[in-house]
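Each chain, written out:
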Amino acid sequence: MKEIRFRLIIIIGALALSLYLLYPTYQDYQNNKEVGLKLESLSDSIKKRNPGISSIELKEIIQNKKDSILASNPDYKSARDKRIKLGLDLQGGMYLVMEVNTAKLLERLAKDPDEQFKQLLSEAEKESRLSEENVVTILARKMQTKGIRMSRYFGSIREDDADIQKRLLEQESDAVTRAIEIISNRVNQYGVSEPSIQKQGSRRIIVELPGISREEEAKRLLQGRALLEFKLLKDPEFAIPIMNRIDEVLAAKDSTSKTTVDTTKQLTEAEFAKQHPFFALARLVDPQGRIADAYVKKSDREVLNNLLSRPEVVKVIPDNVEFIYEAKPEIAEGVEYYRMYMVNKQAELTGGVIVDAQANIDPMTSAPIVTMQMNSEGAREWARITGSNVGKRCAIVMDGQAYSAPTIQNKITGGNSQISGIPNLDEAKLLEIVLKAGALPAPIDIIEERTVGPSLGQDSISQGFNSMWLGYLIVAIFMIVYYKKAGTMADIGVIFTILLILGILAGFQGTLTLPGIAGIVLTMGMAVDANVLIYERIREELATGKTVKAAVESGFKHSMSAIFDSNITTFFTGVILYQFGSGPIQGFALTLMIGIAASLFSALVLVRVMFDFMISKGLKIQVG
Amino acid sequence: MRLFENLNIDFMRKRNFFYLISSVVIILGALSIIFRGLQFGIDFKGGSEIAIEFSNPIEIGQIRTEVENIGLGNVEVKTFGGSTGILLRTELQEIPQSILPKVKSKIETIISNSFPGVEKKIIDSTFNSITYSFANDSISLAVSERLNKAGFQTTELNEEETKNAIVVRLGISDWIKETLTEKFANNPFTVLKEEKVGPKIGQELKRDAVIAVFLSLIVILIYLGFRFKFIFAVGAVAALFHDVLITLGIFSVLYGVIPGFNLEITTSVVAAFLTLVGYSINDTVVVFDRVREYLKIHKTLPLEETMNRAINKTMSRTIITGLTTLLTVIVLMIFGGEVLKGFAFALFIGILTGTYSSIFVASAFVLEVASRTNRKVQF
């Protein structure tokens, strides 16, 4: 009994852990149902109130509402974060592989490109399509054979070819970094839930955007140039009275209708929220009002935007100003806050004038700084702007989101500016990337594009789960018929295996794809293999006249090496598949590998314990 | 229940017969691969693919005639899922030069029909997009929405110098969508999936797939080489080769033969190959494991006899496991939906050949080499 107890504890522990890890998935499923019902009734009521509404508009409203509901309740979010992630093929979404167009980049970087250069470049590009080599390397080789030095087009005359080549490759990887920043900025702004943007190799970006409802628009986001602008912040003397007015308008409105404010807060806060609906969401950074920046909780952004777009609010905001957010949140006590600024709608200057930007450490103060250079036209404008706005703040805005809002210290002539007061070098680097995005747009091509519509995803989920329980049923019945009681034990083992697979998947944030589900179904068929091996062996041992106890003992012992060898080789192929596969296939490899481990555990530990228990109790064991 | 108790078949004696069967199947498959070729999916071939679902059942022939004349050359049309789903595919990735003017004039007709007298200006035109600029924001938005409805993908530009402008993408799938929206106005469709794979990706995927299959064979060879005598590892890998070859051959032979089965080589089929490699090796290992055990016990018995005993003794397990796995694969094939059909089919064939080869090929190979070299195989 004692030896069973220890294994029993392990089994119960594993079971409890799987259930614990799977609970958020269940919770999320329930939440989705709940939210779905709410949205359905909302959509019905909108349709009733406004029968002429177009389906696109309706979809938009519902989607916004859904986002804000999901964002508003932290329970929803935490369940969502911990549930089993579904792959794009199951939940619908877009998968894109983008590659920086090095040839285009080189063309832009080259000084005085002549016909010969263009000729060589296009040859190099053609060649690169069929080979693994980089365009830069091919071009360098081509120029070498023609006896042309690279410094004729790139860099300075003193540098040798190798240096230039190295620097061009750096530029290429910079372009990818820039593109990633631009894309993530836009994607975040757009509110795609759980986007994934990854760099692959030196020049590729993989973008995954789950949820497809706004797919057409999402694709637009990813292409086109980033718009970098310099926008002047409004003085607090101007901004705060306007904010007060917005607050008043909203308070007046809200006193007659239901508020959207979270009611779980303390009474005083609730009262404050009632009286100051605007400031409750957008808290001034400086209560004295010396600067007009406000903090907005990430979850409140959607709500605040909705409030600000109400017609009566729009009326009190002057035409020439707008609110913008910082691109990256600041985190205080675990909550993400976005800084919000009021800026001139009209940009003072756009980023096309920037020639270069560089993040550095200031040798004097050893604080991080970013320097930027403008072309002569930009420098003239910049001198005028800075000259007449000394002491004011100017936001650096990319695609509508602010990255920094430094104060203009003095008139800057000559086009060389320096931005200081940056908290760390990482942020300085980010600012450099952003500033360059205006200067040197990264030419990015979409080389692979896969979109799965939500209805296909839904179908796949139900087909996957149908196959799962049907597969289980068939295998289970077969095992019971063939091995009787021992078969039943194997069937319990399979259920345990599936729970373990799903639990591990949830715990390690793995992604479940349709091939992944297929992997689970397949595992059910193969999981009984270990049991079959053992049972067959036990039968053989019994046939030699051993006692049940001895037969079970040697049955397990003798089948061990076969089980081990065969599973480890399958596991290897799983690893290889995971390495070389992409997306959905990786999902398959993952469930296959986890499945092997889990089924071995069930067969060698769980089923063994059941056998041992029955033997120790003197119960009859049938192996068919 | 017991199906294979006390089996005693002299498998090794009959090995020449099995060589014949295997050779015939492999040769037929190879001939088919040479003359009929293998059909690769879009992953490997590159191209554009779009799957749509109509609201009412649709005649596939009707679609075929409609897309024949839209200038995209050879467009494959297949059913996708039930009677309302259609899959269209072409190897092209961009609209060919020759029909660009047609597409452009179509766009302009739509604009001028829906918004008579609207002023527009083409400010940029490339091989895969046109940029129009309009008098103001609301017009450009309306036009954009209209074109969207017609199946085109549009982007509103918000850059300073190009305000009120929209970019209309001229893509293969846009053109197909536009044509079908117009032709089947009373049977609207939704897009199930859309894929576009560049030739470079296709090349890479092909390379990766080949590397993955070979790498797994090598890894298995090395591992088994350590665990068993090297000759056994070679025999096991030979059996795996045999399985992959036969499955590939059957894919080639049966392509287009079974209705409703799309036997193309896609990435998921390659995944199935790797799985069958992993699965089939299980069977072989189980047999070899028993051979190893018997070699230790019955040192004097000839290898042929040992192998026969091992195979007969493990036969029950081999068949039962094959059967349970086969059952789940059949479930996947029937209920797993369109996406998993090819995958499940590859596994179906793979499990059959895998089970067969571990009995008849792997051991026979070892025996053959051992008897030729007249060496005594031992552990």
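Here the structure is a predicted model, which is why all the values come from computation and not from measurement. (Residues numbered from 1 in each chain as written. Chains lettered and ligands numbered in written order. Predicted model: local features only at pLDDT ≥ 70, side-chain atom pairs only at ≥ 80, totals over all residues.)

Undergrad: So what exactly am I meant to see when it comes to the overall build of chain B here?
TA: Along its length, chain B carries 11 helices and 8 strands. Scaling as 2.2 N^0.38, a compact globule of 379 residues should have a C-alpha radius of gyration of about 21 Å, whereas chain B reaches 29 Å, well beyond that. Overall, the C-alpha framework of chain B stretches about 100 × 40 × 35 Å when taken along its three principal axes. In chain B, buried positions account for 46% of the 379 residues. (Helix = DSSP H or I, 4+ residues; strand = E, 2+ residues; numbered from the N terminus. Rg over C-alpha atoms; globule rule 2.2 N^0.38 Å. Buried ≥ 20, exposed ≤ 12 C-beta atoms within 10 Å, placed from the backbone.)

Undergrad: In this structure, what is going on with the overall build of chain A? I would like to understand it.
TA: In terms of helices and strands, chain A carries 20 helices and 18 strands. Structurally, chain A occupies a C-alpha span of about 100 × 80 × 55 Å along its principal axes. Looking at chain A as a whole, 41% of its 624 residues qualify as buried. When contacts within chain A are restricted to residue pairs at least 6 apart in sequence, long-range pairs at least 24 apart make up 72% of them. (Contact = placed C-beta atoms within 7 Å.)

Undergrad: Is there a simple way to explain the domain arrangement of chain A in this structure?
TA: Frequently, the measure chosen for interface size is the accessible area that the parts lose on association. Annotation of chain A at the domain level lists domain 1 (2–83), domain 2 (96–224), domain 3 (228–439) and domain 4 (454–616). The straight-line distance from the C-alpha centre of domain 3 of chain A to that of domain 4 of chain A is 56 Å. (Domains from an automatic or database assignment.)

Undergrad: Please clarify how the pairing of strand β5 (residues 129–134) of chain B should be interpreted in this entry.
TA: Every other side chain in a regular strand lies on the same face of the sheet, so the side chains alternate between the two faces. Residue and element names in this part refer to chain B. Burial along β5 is one-sided: Ile-130, Tyr-132 and Phe-134 are buried, and none of Ser-129, Thr-131 and Ser-133, which face the opposite way, are. Here β5 runs beside strand β7 (residues 165–169); their pairing, made up of 5 bridges, is antiparallel. Paired with Thr-131 across the strands is Val-167, a residue of β7. (Pairing = 2+ DSSP bridges.)

Undergrad: Which parts of the structure should I look at to understand the environment of Ile-148 of chain A?
TA: On the secondary structure map, Ile-148 of chain A appears in the loop between α7 (135–145) and α8 (161–190). Sequence separation between Ile-148 of chain A and Phe-117 of chain A is 31 residues, and the spatial gap between their C-alpha atoms is 9.8 Å.

Undergrad: I keep staring at the interface of chain A and chain B and nothing clicks. Help me out?
TA: The interface of chain A with chain B comprises 61 residues on the first partner and 60 residues on the second. Sorting the residues of the side of chain A that touches chain B by element identifies α9 (215–222), β17 (444–452), α17 (454–507), α18 (514–543), α19 (548–580) and α20 (583–616) of chain A as the ones contributing at least two each. Class assignment for the residues of the side of chain A that touches chain B results in 30 nonpolar, 19 polar and 12 charged. Summarising the sheet, β17 of chain A and strand β8 (residues 189–197) of chain B pair through 5 bridges and their orientation is antiparallel. Its bridge partner being in β8 of chain B, Thr-451 of chain A is matched across the sheet by Glu-194 of chain B. (Nonpolar A, V, L, I, M, F, W, Y, C, P; charged D, E, K, R; others polar.)

Undergrad: Can you help me understand the sheet that holds strand β5 (residues 228–232) of chain A in this one?
TA: Residues and elements named next belong to chain A. The strand order across the open sheet formed by 4 strands is β11-β5-β14-β15, and the pairing between neighbours is antiparallel. Strands with a single pairing partner mark the edges of an open sheet, and in this sheet they are β11 (349–350) and β15 (401–404). Pairing of strand β14 (residues 394–398) with β15, which is carried by 3 bridges, proceeds in the antiparallel orientation. Within the sheet, the bridge partner assigned to Ile-396 lies in β15 and is Ser-404.

Undergrad: Help me understand the domain arrangement of chain B, please; the structure alone is not making it clear to me.
TA: The domain boundaries assigned to chain B delineate domain 1 (15–41 + 198–373), domain 2 (47–94 + 193–197) and domain 3 (97–170). For domain 2 of chain B and domain 3 of chain B, the distance between their C-alpha centres works out to 25 Å.

Undergrad: Can you walk me through the packing of helix α9 (residues 267–297) of chain B against helix α10 (residues 303–335) of chain B in this structure?
TA: Two quantities define a packed helix pair, namely the angle between the axes and the distance from one axis to the other. Residues and elements named next belong to chain B. Here α9 crosses α10 at 150°, and the two axes come no closer than 9 Å. The angle between α9 and α10 falls in the class roughly antiparallel. Both α9 and α10 take part in a crossing whose hand is right-handed. Note on element contacts: α10 touches α9 through Thr-306, Met-307, Arg-309, Ala-310, Ile-311, Lys-313, Thr-314, Arg-317, Thr-318 and Thr-325, opposite Tyr-279, Asp-283, Val-286, Val-287, Arg-290, Val-291, Tyr-294 and Leu-295. Partitioned by chemical class, the residues of the contact of α9 with α10 number 9 nonpolar, 4 polar and 5 charged. (Axes fitted to C-alpha atoms, helices over the stretch in contact; angles between N-to-C directions. Parallel < 35°, antiparallel > 145°, perpendicular 65-115°, else oblique. Left-handed = near helix turned anticlockwise from the far one by under 90°.)

Undergrad: Would you mind showing me how to read the packing of α10 of chain B against helix α11 (residues 338–373) of chain B here?
TA: As a packed pair, α10 of chain B and α11 of chain B sit with axes 10 Å apart at the nearest point and diverge in direction by 175°. Classified by the angle between their axes, α10 of chain B and α11 of chain B sit roughly antiparallel to one another.

Undergrad: Could you clarify how one ought to interpret unusual backbone geometry in this entry?
TA: What is expected of a backbone is that most residues other than glycine have negative phi and most peptide bonds are trans. All names here are of chain A. Of note in this structure, Ser-366 is not a glycine but carries a positive phi near 50°. Mapped onto the secondary structure, Ser-366 falls in the loop between β12 (354–361) and β13 (368–374). With phi around 55°, Lys-484 is a residue other than glycine that occupies positive phi space. Its location among the elements puts Lys-484 in helix α17. Since 15 C-beta atoms lie within 10 Å of it, Lys-484 is described here as partly exposed.

Undergrad: Help me understand the pairing of strand β16 (residues 416–419) of chain A, please; the structure alone is not making it clear to me.
TA: All names here are of chain A. The side-chain alternation of β16 yields one buried face, formed by Ser-417 and Ile-419, and one unburied face, formed by Asn-416 and Gln-418. In the sheet, β13 pairs with β16 via 4 bridges, with the strands oriented antiparallel. Opposite Thr-371, over in β16, you have Gln-418 as the bridge partner.

Undergrad: Mind showing me how you'd approach the sheet that holds β13 of chain A here?
TA: The pairing of strands in a sheet happens through backbone hydrogen bonds and is either parallel or antiparallel. Residues and elements named next belong to chain A. In space, the 3 strands of this open sheet follow the order β12-β13-β16, with antiparallel pairing throughout. The open sheet has two free edges, formed respectively by β12 and β16, since each of these has just one partner strand. Sheet twist, expressed as the mean angle between neighbouring strand axes with direction ignored, is 20°.

Undergrad: Hey, could you run me through the confidence of the model for chain A in this one?
TA: Caution applies to low-pLDDT regions: their predicted coordinates should not be interpreted in detail. Chain-level pLDDT for chain A is 83 on average; 92% of the residues reach the 70-or-more range. Per-residue pLDDT stays below 50 along residues 256–265 of chain A; that stretch engages in 10 contacts with residues further than four places along the chain or on separate chains. (pLDDT = per-residue confidence, 0-100.)

Undergrad: Whenever I open this one, the nonpolar core confuses me. Can you help?
TA: In globular proteins that are soluble, nonpolar side chains generally tend to be buried together. Of all hydrophobic cores here, the largest spans 133 residues; its most connected members are Ala-236 and Phe-273 of chain B. Apart from residues no more than four positions distant in its own chain, Ala-236 of chain B is found in contact with Ile-220, Leu-224, Ile-281, Thr-284, Phe-288 and Ala-362 of chain B. Judged by nonpolar contacts, the second largest core, of 125 residues, contains Met-374 and Trp-382 of chain A together with Leu-72 and Ile-130 of chain B. (Core = buried A, V, L, I, M, F, W, Y, C linked by C-beta atoms within 7 Å.)

Undergrad: Sorry, what's going on with the environment of Ser-616 of chain A here?
TA: Residues and elements named next belong to chain A. Within the fold, Ser-616 resides in helix α20. On the neighbour-count criterion, Ser-616 (12 C-beta atoms within 10 Å) is exposed. With 67 residues separating them in the primary sequence, Ser-616 and Lys-549 have C-alpha atoms 9.0 Å apart.

Undergrad: I would appreciate a short explanation of the environment of Lys-142 of chain A in the present structure.
TA: All names here are of chain A. Looking at where Lys-142 falls in the secondary structure, it is placed in helix α7. Of the residues examined, Lys-142 has 16 C-beta atoms within 10 Å and is grouped as partly exposed. Along the chain, Lys-142 and Leu-121 lie 21 residues apart, while their C-alpha atoms are 8.9 Å from each other. Excluding anything up to four places from it in sequence, Lys-142 contacts Leu-120, Glu-123 and Ala-124.

Undergrad: Sorry if this is basic, but what is going on with the confidence of the model for chain B here?
TA: Scored by pLDDT, chain B has a mean of 83; 95% of the residues are at 70 or more. Scoring the predicted complex yields pTM 0.77 and, for the interface, ipTM 0.83.

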